[in-house]
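# Breakdown of the fold
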Amino acid sequence: MIRHFRPSVVFANPPDERHPDHIKASRLVTDACYYAGLRQRPTTFEGTLQEPHRPRHLLYYIQFRHLEPHVVVNVSETFEASRHAILAFASQFYREGMSDAPQTMINRPEFLTSLEARARYFGEQIGVLYGEGFRLSAMQGVAHFSSLFPEL
């Protein structure tokens, strides 16, 4: 699929995470990005040989563990929409009247509050309401020094 869609940026779970499935997903995505760029690993899609393609950037979003981000993106305009999307998985998170459900890390009432607190903290670091932090998978270069200082 990486060769088919040819993304320039791919996002994945961080390699060091609390949940074993998240660790495995991170490894799968990282490996897929690497292997998709190898000519010696031919693949086909709908009967057609694909050209190798390796995404230019692999970014790890920050989940459970506290990690210092390499990049913080202003998500102030989309924070409420992303919160609404998270809540589409209602069975996973706290809701009134679920006292009979076994408690997990993410169905505690404080969990969603902590996500907002982190977004506000990262936002404060870049002078906006909400920010989302990402870790880079590798050293990134820039073509022009001035591109390091974009307008927020």
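Residues numbered from 1 in each chain as written. Predicted model: local features only at pLDDT ≥ 70, side-chain atom pairs only at ≥ 80, totals over all residues. Heavy atoms only, no water.

Attention now moves to helix 4 (residues 109-126). All of the buried residues along helix 4 are Phe111, Leu112, Leu115, Ala119, Phe122 and Gly123. All buried residues of helix 4 fall inside an arc of 115 degrees around its axis, so they share one side. Residues of helix 4 that are exposed and point over 90 degrees away from its buried face: Thr113 and Glu124. The inward-facing, buried residues of helix 4 abut strand 5 (71-74), helix 3 (79-86) and strand 6 (131-136). A positive backbone phi angle near 80 degrees is found at glycine 127, which sits one or two residues after helix 4. (Buried < 20%, exposed > 50% of the residue type's maximum accessible area, 1.4 Å probe, protein only. Helix = DSSP H or I, 4+ residues; strand = E, 2+ residues; numbered from the N terminus. Arc of directions from axis to C-beta. Contact = heavy atoms within 4.5 Å.)

So, on to the sheet that holds strand 1 (residues 9-12). Read across the open sheet, the four strands follow the order 1-4-6-5; overall the sheet is mixed. The open sheet terminates on both sides in strands that have one partner only, identified here as strand 1 and strand 5. Taken pair by pair, the neighbouring strands of this sheet meet at an average axis angle of 35 degrees, ignoring direction. Note: strand 1 against strand 4 (residues 57-61), four bridges, orientation parallel. Each residue of the ladder has a partner; that of valine 9, found in strand 4, is histidine 57. Contacting strand 1 and strand 4, helix 2 (residues 20-35) runs over the sheet at an angle of about 170 degrees to strand 4. Taken strand by strand, helix 4 contacts strand 5 and strand 6, and its axis lies near 80 degrees from that of strand 6. (Pairing = 2+ DSSP bridges. Axes fitted to C-alpha atoms, helices over the stretch in contact; angles between N-to-C directions.)

With that out of the way, let us pick up a nonpolar patch on the surface. A cluster of nonpolar side chains, namely Val142, Phe145, Leu148 and Phe149, defines an oily patch on the protein surface of about 450 Å² accessible area. Within the fold, phenylalanine 145 resides in the segment after strand 6. A relative accessible area of 62% means that phenylalanine 145 is categorised as exposed. (Patch = residues over 30% accessible without salt bridge, like charges linked within 9 Å, V, L, I, M, F, W, Y side chains within 5 Å. Areas by Shrake-Rupley, 256 points an atom, 1.4 Å probe, with all protein chains shown as cover. Salt bridge = Lys/Arg side-chain N within 4 Å of Asp/Glu carboxyl O.)

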